[in-house]
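This is what each chain is made of:
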Amino acid sequence: MSGASDSASVVIVGGGAIGLSVAYHLGQLGCEDVLLVERNELTSGTSWHAAGIIGPLRASRNLTQLAIYATKLLGRLEAETGQSTGYRQTGGLWLAQSEDRLTELKRIAAMGDLNGLTVEILDAGQTAERLPLLRCDDLAGALWVAEDGMANPVDLCMAYAKGARAKGVRIREHCGVAEVDVAGGAVRAVVLDDGTRVACGALINCAGAWAGRIARMAGQALPVQAAEHMYVVTEPVPDLPQPFPILRDLAGGIYIKEDAGKLVLGGFERDAKPWDIHSVDPKASFLMLPEDYEQFEPFLEAGLHRLPLFETLGIQTFMNGPESFTPDTKQAMGRVPGLKNGFVAAGFNSIGIMSSAGVGQAMAAWVLDGQAPMDLWEVDVARFEPNHANRAFLHARLEEVVHNQLAMHWPFKQMTTGRGIKRTPLHRALAKRGAVFGAPAGWERPLWFAEGNEPSELSYSYGAQCWWPAAAREAKRVMEEVALFDLTPFTKILIEGADGEAFLQRICANNLAVAPGKTVYTPLLNPRGGIEADVTVTRLDDSRFWLVSGAATRIKDLDWIRRQIAEKERVAVTDMTSAFAVIGVMGPKSRDLLSGLTSDDLSAEGFAFGTAREIDLAMARVRATRISFVGDLGWELTVPLEFAQHVHGALCDAGAGHAGMFCLDACRLEKGYRHWGHDIGPDDSPLEAGLGFTVAFEGKGDFIGRDALLRQKEEGLGRRQMLFDVQAERPLLLHDEPVFRDGKMVGHTTSGGLGFRSGRALCFAYVPQAPGERRADLLASAYEISVAGERFAMTALDKAPYDPLGTRLRG
């Protein structure tokens with residue numbers, strides 16, 4: 001059929017568990033004319049050799065909700081299609097060999113409680129009772145998850161396929177993609193191996209280890225790297241306990257499960273071996289890579305140690321197949337930045353089978369509705385920067401990320417590979433002043449500044465943090481003197497054009513019809529009223545605006561903003577992030593310090609809060625914006641990159657000290673400032689989050705999300721975000737800790753930590769609000785928080801504990 005033509009409303013590339021689940025769920029939603037193409041046979045890529053573990057408990061609340069769906073769907077899928085999935089719940093044991101690991105499991109258990117799973121923390125004796133075959137004398141305890149289970153990967157895929165076909169989805173095997181035709185920022189068609197051109201309304205890349213290749217055809221960079229991934233299957237084992245629970249020996253980096261009377265032993269190794277998809281024929285299928293007992297030896301030793309029964313068993317099968325991983329061990333899914341109708345669901349880090357149900361459901365809704373059905377930012381492909389798809393970077397990072405699946409998930413953990421890539425122009429000067437760097441969003445940023453004998457590197461703990469004294473000292477500097485923050489990684493976007501104001505009025509909730517030099521804090525909302533971005537916008541002149549958002553959301557924010565531009569709208573959006581440094585000058589003495597370097601009027605009357613203008617500073621020209629995320633008097637200086645070192649040096653010579661990101665986060669928390677990605681996101685409205693002052697219902701025209709907010713106002717809020725003071729001695733507060741109101745679990749924290757200026761332990765949480773209930777009623781209730789299984793009382797705060805009236809900020 002060379003030269004033939006076809007069309008489909010949606011084309012899915014990849015016939016594994018993910019692609020087939022997406023196809024099934026699109027069919028369930030009534031999407032007509034879906035075509036799935038597979039380069040070989042269904043499941044022939046990585047799905048066929050998957051271990052098939054179905055584990056609904058994940059590291060965050062939203063990912064747990066995504067995974068739990070499998071426990072509801074798989075049994076129903078069998079009944080619907082008549083095709084067995086092999087699904088059964090066996091229960092699972094997560095083993096802890098140290099008290100730190102047990103603490104981690106207690107925190108994960110809280111995630112289970114929040115999501116209605118049946119979880120239990122066991123001591124070593126109770127663990128031995130659950131499975132007498134285990135060696136338990138070196139265990140601190142274990143986590144039991146009753147809903148852990150397994151499925152047969154191939155059977156599950158065939159059930160998805162049968163259910164999809166029943167709803168009209170077309171599936172073509174032995175049909176690879178040779179070309180992706182992109183024009184005007186949209187996929188127009190895919191060209192198949194046989195020359196058939198398929199025009200499509202949307203393209204979903206579910207090609208697994210081959211997903212990077214498909215992305216490159218569309219001119220996109222996808223950070224997915226395949227690795228050799230291994231497990232062994234023993235000979236049949238007589239008299240195995242049934243059901244045999246899923247075992248995760250976390251310290252050993254292994255998992256053990258039963259399969260048709262045999263035992264499967266697999267693991268996640270350090271220094272994983274990259275696998276190149278170009279090393280085999282593009283149509284190669286059901287790949288089995290060479291056995292590598294040397295690489296697998298640590299897992300055999302760990303298995304023999306944990307389950308001595310292995311000593312009597314022979315190995316029947318050594319399975320080594322490709323599996324794809326991402327730089328942060330979380331999948332890449334969602335809208336492809338830069339493609340109007342491109343989507344991806346790939347890079348599942350060996351959890352594709354357990355993820356397939358929830359991911360298929362979410363992706364189908366995402367494609368049809370144009371927005372994610374829930375907050376999926378932590379797995380959104382837009383979190384990655386283009387350099388994350390760099391081959392050298394992926395190979396370096398692979399050494400770390402595979403093992404990270406079962407390694408300790410320490411609070412504030414920083415990656416060690418692929419570091420030192422993105423540095424600000426102040427990096428060297430900050431390093432000389434004791435900066436301890438992390439790279440939470442790819443940029444090397446000072447976490448704190450070490451002085452004297454203070455720790456100069458992170459030592460991880462579930463107790464007191466090594467950096468607390470340094471952050472406390474820096475917060476004192478912010479409160480009493482002046483401190484510099486390197487804010488260069490902030491996303492900086494120039495929006496200009498004759499329709500610039502009208503465009504921003506449509507996408508921003510606040511009013512941007514302001515005078516030049518005015519800075520406006522505003523959310524960008526989705527149609528359901530959720531917060532897509534949390535930004536400041538400064539009007540530069542009649543047709544130019546300067547938008548600033550967080551470092552981690554650069555790609556997402558740029559893509560979201562550009563998608564909103566209407567046809568023929570005269571608006572240009574330019575990423576200026578790498579052209580300017582940003583230096584925060586914060587503290588009560590910031591005005592005096594800056595005044596010594598400029599002749600411009602920086603008085604409260606001459607330079608009001610929330611305004612910006614260009615000033616001479618030392619021997620440079622900079623834009624100074626009077627705004628502060630730490631809640632003290634201060635300015636953010638936007639400096640052309642070539643002047644950054646000079647300006648920083650002048651500020652240092654004038655007597656300014658420094659502060660890091662940990663101090664910044666502590667300061668914003670005690671001022672009650674929300675953090676996008678934790679406290680606010682696409683599922684949270686500004687009314688619920690206490691940000692109603694950022695919404696201009698009157699005085700401007702319609703804007704995205706306005707109707708949803710008006711309905712919410714009319715119907716009444718169902719929940720409110722509140723700031724709490726935890727009555728405990730320096731607890732380690734992170735996020736997702738269960739919150740109790742009058743003894744009943746009502747939610748979870750969104751972020752937390754110590755406020756070093758106020759001397760309080762603080763956290764944010766959303767609290768349900770009954771119809772007619774007043775905020776005063778919420779404030780008067782009795783609250784508790786559970787931290788690693790230990791309950792503490794906490795008090796809901798009516799105002800932020802630090803400078804609640806803003807006199808220091810606006811003085």
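Residues numbered from 1 in each chain as written. Predicted model: local features only at pLDDT ≥ 70, side-chain atom pairs only at ≥ 80, totals over all residues. Heavy atoms only, no water.

Chemist: Honestly, the nonpolar core in this entry has me stumped. Any pointers?
Modeler: Here is a general trend for soluble globular proteins: nonpolar side chains tend to be buried in one another's company. Formed by 85 residues in total, the largest nonpolar core has its most connected members in Ile-12 and Ile-204. In terms of residue count, the dominant contributor to this core is helix 8 (residues 352-369) (9 residues). In this structure Ile-204 touches Val-10, Val-11, Ile-12, Val-13, Val-22, Leu-26, Phe-343, Met-363 and Val-367, once residues within four positions along its chain are discounted. In terms of nonpolar packing, the next biggest core, distinct from the first, is built from 55 residues, Val-436, Cys-763, Ile-785 and Ala-796 among them. (Core = buried A, V, L, I, M, F, W, Y, C linked by side-chain atoms within 4.5 Å. Buried < 20%, exposed > 50% of the residue type's maximum accessible area, 1.4 Å probe, protein only. Helix = DSSP H or I, 4+ residues; strand = E, 2+ residues; numbered from the N terminus. Contact = heavy atoms within 4.5 Å.)

Chemist: What am I meant to see in the packing of helix 5 (residues 153-166) against helix 8 here?
Modeler: Between two packed helices, what matters for the description is the angle formed by their axes and the separation of those axes. Remark: helix 5 packs on helix 8, axes separated minimally by 11 Å, with the N-to-C direction vectors making an angle of 20°. Taken together, helix 5 and helix 8 sit at an angle that is classed as roughly parallel. Along this stretch, helix 5 crosses helix 8, giving a crossing that reads as left-handed. Contact with helix 5, carried on its side by Pro-153, Leu-156 and Tyr-160, involves Ile-353, Ser-356 and Ala-357 of helix 8 and no other residues of that element. By residue class, the composition of the contact of helix 5 with helix 8 is 5 nonpolar, 1 polar and no charged. (Axes fitted to C-alpha atoms, helices over the stretch in contact; angles between N-to-C directions. Parallel < 35°, antiparallel > 145°, perpendicular 65-115°, else oblique. Left-handed = near helix turned anticlockwise from the far one by under 90°. Nonpolar A, V, L, I, M, F, W, Y, C, P; charged D, E, K, R; others polar.)

Chemist: Is there a simple way to explain the environment of Leu-105 in this structure?
Modeler: Examined against the element boundaries, Leu-105 turns out to sit in helix 3 (residues 99-114). Since its relative accessible area comes to 0%, Leu-105 is described here as buried. Spatially, the C-alpha atom of Leu-105 lies 31 Å from that of Phe-449, the residues being 344 residues apart in sequence.

Chemist: Can you walk me through the sheet that holds strand 24 (residues 519-525) in this structure?
Modeler: Strand pairing in a sheet takes place through backbone hydrogen bonds and is either antiparallel or parallel in direction. The antiparallel open sheet is built from 5 strands, whose spatial order is 24-25-26-23-27. Because the sheet does not close on itself, it has two edges, and the strands there are strand 24 and strand 27 (572-575). Pairs of neighbouring strands in the sheet enclose a mean axial angle of 30°, with direction left out of account. In this sheet, strand 25 (residues 531-539) lies alongside strand 24 in antiparallel orientation, the contact comprising 7 bridges. Note that in strand 25 the partner of Leu-524 across the bridge is Ala-533. (Pairing = 2+ DSSP bridges.)

Chemist: Looking at this structure, I do not really get a positive patch on the surface. What am I missing?
Modeler: The grouping of Arg-423, Arg-428, Lys-432 and Arg-433 at the surface amounts to a positive patch. With relative accessibility at 66%, the residue Arg-428 sits in the exposed group. (Patch = residues over 30% accessible without salt bridge, like charges linked within 9 Å, V, L, I, M, F, W, Y side chains within 5 Å. Areas by Shrake-Rupley, 256 points an atom, 1.4 Å probe, with all protein chains shown as cover. Salt bridge = Lys/Arg side-chain N within 4 Å of Asp/Glu carboxyl O. Lys, Arg positive; Asp, Glu negative; His and termini not counted. Charge placed at Lys NZ, Arg CZ, Asp CG, Glu CD.)

Chemist: Mind showing me how you'd approach the sheet that holds strand 34 (residues 738-741) here?
Modeler: In spatial order, the strands read 33-36-35-34-37-38; together these 6 strands close into a barrel with antiparallel pairing. Averaged over all pairs of adjacent strands, the angle between their axes in this sheet comes to 40°, without regard to strand direction. Of the strand pairs in this sheet, strand 34 and strand 37 (residues 783-787) are connected by 3 bridges, and their pairing is antiparallel. Among the inter-strand pairings, Phe-740 is bridged to a residue of strand 37, identified as Glu-784.

Chemist: Can you help me understand the pairing of strand 29 (residues 612-617) in this one?
Modeler: The side chains of a regular strand alternate, residue by residue, between the two faces of the sheet. Relative to strand 30 (residues 620-625), strand 29 runs antiparallel, the two sharing 6 bridges. Looking across to strand 30, one finds that Glu-614 is bridged to Arg-623. As consecutive antiparallel partners, strand 29 and strand 30 are separated by 2 residues, and within that stretch Ala-618 has a phi angle of approximately 55°, a positive value.

Chemist: When you look at the side chain of Gln-465 in this model, what are you seeing that I'm missing?
Modeler: Mapped onto the fold, Gln-465 is located in the loop between strand 21 (445-449) and helix 11 (468-480). Only 2.9 Å separates the side chain of Gln-465 from the backbone oxygen of Ser-461, close enough to count as a polar contact. Discounting chain neighbours no more than four positions away, the residues touching Gln-465 are Phe-412 and Leu-732. (Polar contact = N/O pair within 3.5 Å; in protein donor to acceptor, adjacent residues only side chain to side chain.)

Chemist: Explain helix 3 to me, please; I cannot follow it from the model alone.
Modeler: The α-helix advances 3.6 residues per turn, and as a result positions three or four apart in sequence lie on the same side. Given a rise of 1.5 Å per residue, 16 residues ought to cover 22 Å, and the 23 Å separating the end C-alpha atoms of helix 3 matches this to within 8%. Taken residue by residue, helix 3 has Arg-101, Leu-102, Glu-104, Leu-105, Arg-107, Ile-108, Ala-109, Ala-110, Met-111, Gly-112 and Leu-114 as its buried positions. The first or second residue beyond helix 3 is Gly-116, which carries a positive phi of 75°. (Expected span 1.5 Å × (residues − 1).)

Chemist: Explain unusual backbone geometry here, please?
Modeler: The phi angle of most residues is negative, glycine excepted, and most peptide bonds adopt the trans form. Of the consecutive residues Gln-242 and Pro-243, the connecting peptide bond is found in the cis state with omega at -5°. Secondary-structure assignment places Pro-243 in the loop between strand 13 (225-234) and strand 14 (246-249). In this structure, Thr-329 is a non-glycine residue whose phi angle is positive, near 60°. With respect to the element layout, Thr-329 can be found in the loop between strand 17 (315-325) and strand 18 (332-335). Thr-329 sits in the buried class, given a relative accessible area of 16%. For Ala-618, which is not glycine, the phi torsion reads 55° and is therefore positive. Within the secondary structure, Ala-618 is located in the loop between strand 29 and strand 30. On the basis of relative accessibility, which here comes to 32%, the residue Ala-618 falls in the partly exposed class.

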